[in-house]
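Understanding the architecture of this molecule
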Amino acid sequence: MATANWKTDQPTNLNFLSPVNFDLLITKLPKTRYFCTGVTIPSLNFSEATADIPNAAIQASLPGDKITFDPLNLKFVVDEDMKNYQEIYNWIMQLGPGVSADDYRTLTGQANTGAFVTTPGDELKMYSDATLMINTSSNNANVEMTFVDCFPTSLGSIEFASDADDVTYAVADLTLRYTYYTIKASS
C-alpha cells in the first residue's frame, strides 16, 4: 500500500478559492452570460449497498452503483429588454411544447410534411452544454467545469414593486438539469 510523503505531498498553490471569479457560458443562452451573478456547484451523491457479514451481527457498507447529481442553480440579472429571460422562457416553451407542437419541431429541426408525417429532427438540439470557468485570484482561467446535456426545469419569478425605497434590479433564478459534469484544469 502506498503511503503519503509529508515532505513532497504538500500543496503548491496556497491561495484560497474566490467565489466571485467565475464565468458561466450556456451555449443556448448567450444573452445570459454577462448577467449571471451567482451559480452553485451542485452536490454529487454516490449510492451505497449493505451486506451482512456471515456469522456476525455486523452489516457492512459497500460502494453502490448509482451516481446522482443535484440540479445546477444560477441567478442572473434580467436585462432591461428582458432578452435573457425570454431566451430561457422560449427554450422551456419549446421543450413543453408550450403553445403548439410546432414549437418543439422548430427546436429540434423537424419539418412537418403534413398528414401527421414529419421529417426527423435532431433531438440533441433540446439540450445545451454549460461551462463554468472558475478563475484564479488573478482572474485567469483555472478550472473548467462542463455540464453535459443541460435543459431548464425552472425559471424563477420577477418581482416588481413601485413602493421600493431604492432601485433594486430584477433578478431571476434558473434551474438546469444535466446528465453529468466534468472537471478539468484549464489549459
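For the structure itself, look to the data block above.
Just so you know, these numbers come straight off a predicted model, no measurement behind them. In every chain, residue numbers begin from 1 and rise along the written sequence. Reporting of local features is limited, given that this is a predicted model, to residues whose pLDDT is at least 70; pairs of side-chain atoms are given and counted only at 80 or more, and all residues count toward the totals for whole chains, interfaces and linings. To obtain the side-chain values, all non-hydrogen atoms of the structure were included, while hydrogens and water were left out.

1. Quick word on helix α1 (residues 83-95)
Secondary structure elements follow DSSP: runs of H or I no shorter than four residues count as helices, runs of E no shorter than two count as strands, and numbering proceeds from the N terminus. Expected span, for any helix, means 1.5 Å times one less than how many residues it has. In this model, α1 (13 residues) spans 18 Å end to end at C-alpha, consistent with the 18 Å of a helix rising 1.5 Å per residue. Exposure categories follow from relative accessible area, calculated using a 1.4 Å probe and restricted to protein chains: below 20% of the type maximum is buried, above 50% is exposed, and the middle band is partly exposed. Those residues of α1 lying buried are N84, Y85, E87, I88 and W91. Take α1 and look down its axis: the buried residues cluster within an arc of 165°, on one side only. Lining the buried residues of α1 we find β5 (72-77), α2 (101-108), β8 (128-135), β9 (141-155) and β10 (171-177). As used here, the arc is the angular range of directions from the helix axis to the C-beta atoms. We call two residues contacting when some pair of their heavy atoms lies within 4.5 Å.

2. Regarding the nonpolar core
Counting 27 residues, the largest nonpolar core has I26, L74, F76, F147, L174, L176 and Y178 as its most contacted members. Listed by contribution, the elements that provide at least two residues to this core are β1 (22-26), β5, α1, α2, β8, β9 and β10. Among the elements that line this core, the one with the most residues is β9, at 4 residues. Setting aside its immediate chain neighbours within four residues, L174 contacts L29, L72, N73, L74, F76, I88, P152 and S154. What we call a nonpolar core is a set of buried Ala, Val, Leu, Ile, Met, Phe, Trp, Tyr and Cys residues that are connected through their side-chain atoms within 4.5 Å.

3. Observations regarding α2
Of the positions making up α2, those classed as buried are Y104, R105, L107 and T108. The arc enclosing the buried residues of α2, seen along the axis, measures out at 160°, which places them on a common side.

4. Focus on unusual backbone geometry
One non-glycine residue with positive phi stands out, namely M82, at about 60°. Tracing the sequence through the fold places M82 in the loop between β5 and α1. On the basis of relative accessibility, which here comes to 29%, the residue M82 falls in the partly exposed class.

5. Side note on the packing of α1 against α2
Axis definition: a line fitted to C-alpha atoms, limited for helices to the stretch in contact. Angles are taken between N-to-C directions and run from 0 to 180 degrees. Two numbers describe how α1 lies on α2: the axes approach to 7 Å, and their chain directions differ by 110°. The orientation of α1 with respect to α2, classified from their angle, is roughly perpendicular. Contacts from W91, M93, Q94 and L95 of α1 reach α2 at D103, Y104, T106 and L107. All residues other than Ala, Val, Leu, Ile, Met, Phe, Trp, Tyr, Cys, Pro, Asp, Glu, Lys and Arg, Gly among them, are scored as polar; the first ten of these are nonpolar and the last four charged. When the residues that make up the contact of α1 with α2 are grouped by side-chain class, the tally is 5 nonpolar, 2 polar and 1 charged. Note on terminology: angles under 35 degrees are roughly parallel, angles over 145 are roughly antiparallel, angles of 65 to 115 are roughly perpendicular, and the others are oblique.

6. Section: a nonpolar patch on the surface
A contiguous nonpolar surface patch, about 320 Å² in accessible area, is contributed by L44, F46 and I67. Residue placement: F46 occurs in strand β3 (residues 44-52). In this scheme, patches are assembled from residues that exceed 30% relative accessible area and form no salt bridge. Like charges are connected within 9 Å, while nonpolar side chains (Val, Leu, Ile, Met, Phe, Trp, Tyr) are connected within 5 Å. Here, Shrake-Rupley sampling with a 1.4 Å probe gives the accessible areas, and only protein chains in the shown set may cover a residue. Any carboxyl oxygen of Asp or Glu within 4 Å of a side-chain nitrogen of Lys or Arg constitutes a salt bridge here.

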